[in-house]
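# Topology and contacts: notes
These are the residues of each chain, in order.
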Amino acid sequence: MFDIVLCQRDFQEIKECFGDSGKFEIHEFSGDSQLRAYLNDNKTVLLITTKSSVKPDLFNLFEMPKKGNCEYYYLSKLNLDRDELEACEKFFPDVRDISVCADYYSASGVFYIDQIDPVGMPNFSKEIMPVLKRYFKDSDYKEALFLDRDGVLNIDHSYVHKIEELELVSGAYEFLLDDYNKTRLKIVLTNQSGVSKGKFEYTDVEKFNSALNESLHHLIDAFYIAPFEFLKGVGQYKYHSLLRKPHPGMLLEACFDFAVDLKKSYMVGDKQSDQLNFPLLETIHLKNRYPLEGVKYLANNFAEVLKFAKTLPNKTN
Ligand SMILES: [Mg+2]
């Protein structure tokens, strides 16, 4: 998943952990310009550093839906059992920044920076490394098919949320079952700004997703929902959220939940915004009622989606 690991903290420990695998280059983090150079070189970087060592002007600050810092946000995704979680939680204010960094700039907004620079240091090698070590096992990575929901799986009747409005897109079910897709994780990433606009409730989205999955014979492994919208949103969901496509927040959540091999995965959507700001994931657009200018792969039907998918670089056939 990563080409380079840049670390500032516990460099030797981290080097020992990842060094033998030959999978990553490990470098001691020496500042923003080094990071910038790797990213300009299209490297994917895991950055392990302290917040204060990365200049805040590199980050596009988005308000996160959850209160908390990015350590909590990401570490909470690492399949921790209760004891491990408690061990980490104990150090949360002190863990500093463990940030996943893949194209720092095009994926701007991936990071949440706590305004408060924490004090103290955790026992990084004892408490955190075992968690990271386990997470980076090669066998954990899986190929995925990411899917927009409305207009790809179910017909988009505009702000569709009632179960009686659920109508599968013709060929969608067969598409999921195709040989090329059947062993992939199938993960839905859906913007649902109707929630932030007060048109329906978050629970309506969840209910609809359940009904949809039932009609697809439970082929979908997970749904990620972005109920946020800033301009027309009201109340608690009026956010510039990194979860809202084209920001990659939902994708990153999924990657942490499932350890996805992004280079062997692909996304299918019907809107421009389904092309996520994330360099490792190619999107194939399915022609629907939205304008799609300048998209890379424009398919008229699922058969064409499959045709494109099989030509994507790094994909297995
Ligand atoms: Mg759509």
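Residues numbered from 1 in each chain as written. Predicted model: local features only at pLDDT ≥ 70, side-chain atom pairs only at ≥ 80, totals over all residues. Heavy atoms only, no water.

## Quick notes on the packing of aromatic side chains
A complete count under the given rule lists five aromatic pairs for this structure. On the basis of an interplanar angle of 25° and a centroid distance of 4.7 Å, the ring pair of F175 and F302 is categorised as stacked. Note that F175 is positioned in helix α6 (residues 172-177) and F302 in helix α10 (residues 302-311), a separation of 127 residues in sequence. The class of F175 is buried, set by a relative accessible area of 2%. For the pair Y202 and Y237, a centre-to-centre distance of 6.4 Å together with 15° between the ring planes defines the contact as stacked. With Y202 in helix α8 (residues 202-215) and Y237 in the loop between β7 (222-226) and α9 (249-258), the pair connects residues that are 35 residues apart, well separated along the chain. Among the residues examined, Y237 registers a relative accessible area of 19% and is labelled buried. Here the aromatic cluster, defined as three or more aromatic residues joined through ring pairs, consists of Y202, F228 and Y237. It is R184 that lies over the ring of Y180; its NZ or CZ is 4.6 Å from the centre. For K199, the ring lying beneath its charged end belongs to Y159, and the centroid distance is 4.7 Å. (Phe/Tyr/Trp six-rings, centres within 6.5 Å; stacked < 30°, edge-to-face > 60°. Helix = DSSP H or I, 4+ residues; strand = E, 2+ residues; numbered from the N terminus. Buried < 20%, exposed > 50% of the residue type's maximum accessible area, 1.4 Å probe, protein only. Lys NZ or Arg CZ within 6 Å of the ring centre and 35° of its normal.)

## Structural notes on the nonpolar core
Within the largest apolar cluster, 25 residues are counted, with the highest numbers of intra-cluster contacts made by L147, L153, F175, L176, Y266, V268 and V305. Counting residues per element, the ones that place at least two in this core are β5 (144-147), α6, β8 (266-269), β9 (282-286) and α10. When neighbours within four sequence positions are excluded, L147 is seen to be in contact with V152, L153, F175, L176, K186, I187, V188, L189, I220, M267 and V268. Listed in part, the 24 residues of the second largest apolar core include A222, Y224, L251 and A254. (Core = buried A, V, L, I, M, F, W, Y, C linked by side-chain atoms within 4.5 Å. Contact = heavy atoms within 4.5 Å.)

## Observations regarding the coordination of the magnesium ion
All of the protein donors around the magnesium ion are D148 (OD), D150 (O) and D270 (OD); their distances to the metal are 2.0 to 2.2 Å. Sequence positions of the donors to the magnesium ion reduce to the motif D-x1-D-x119-D. With D148 in the loop between β5 and α6 and D270 in the loop between β8 and β9, this pair connects stretches of sequence that are 122 residues apart. Its relative accessible area of 1% is what places D270 among the buried residues. (Donors = N, O, S within 2.8 Å, 3.2 Å for Na, K, Ca; no water.)

## Things to note about the confidence of the model for the chain
Of all residues in the chain, 60% attain a pLDDT of 70 or more, and the chain-wide mean is 73. Across the chain, α6 holds the top mean pLDDT of 98, while strand β4 (residues 97-102) sits lowest at 36. In this model residues 51-80 is a low-confidence stretch, pLDDT under 50, and it forms 94 contacts with partners more than four residues away in sequence or in other chains. This stretch, residues 91-124, has a pLDDT under 50; its non-local contacts, to residues over four places away or in other chains, come to 115 contacts. (pLDDT = per-residue confidence, 0-100.)

## With respect to the sheet that holds β5
What the six strands build is an open sheet, ordered β7-β6-β5-β8-β9-β10; its pairing is parallel. With one partner strand each, in any of the chains shown, β7 and β10 (298-299) form the two edges of the open sheet. Sheet topology note: the β5/β8 ladder contains three bridges and is parallel. Each bridged residue has a counterpart across the sheet, and for L147 the counterpart in β8 is V268. (Pairing = 2+ DSSP bridges.)

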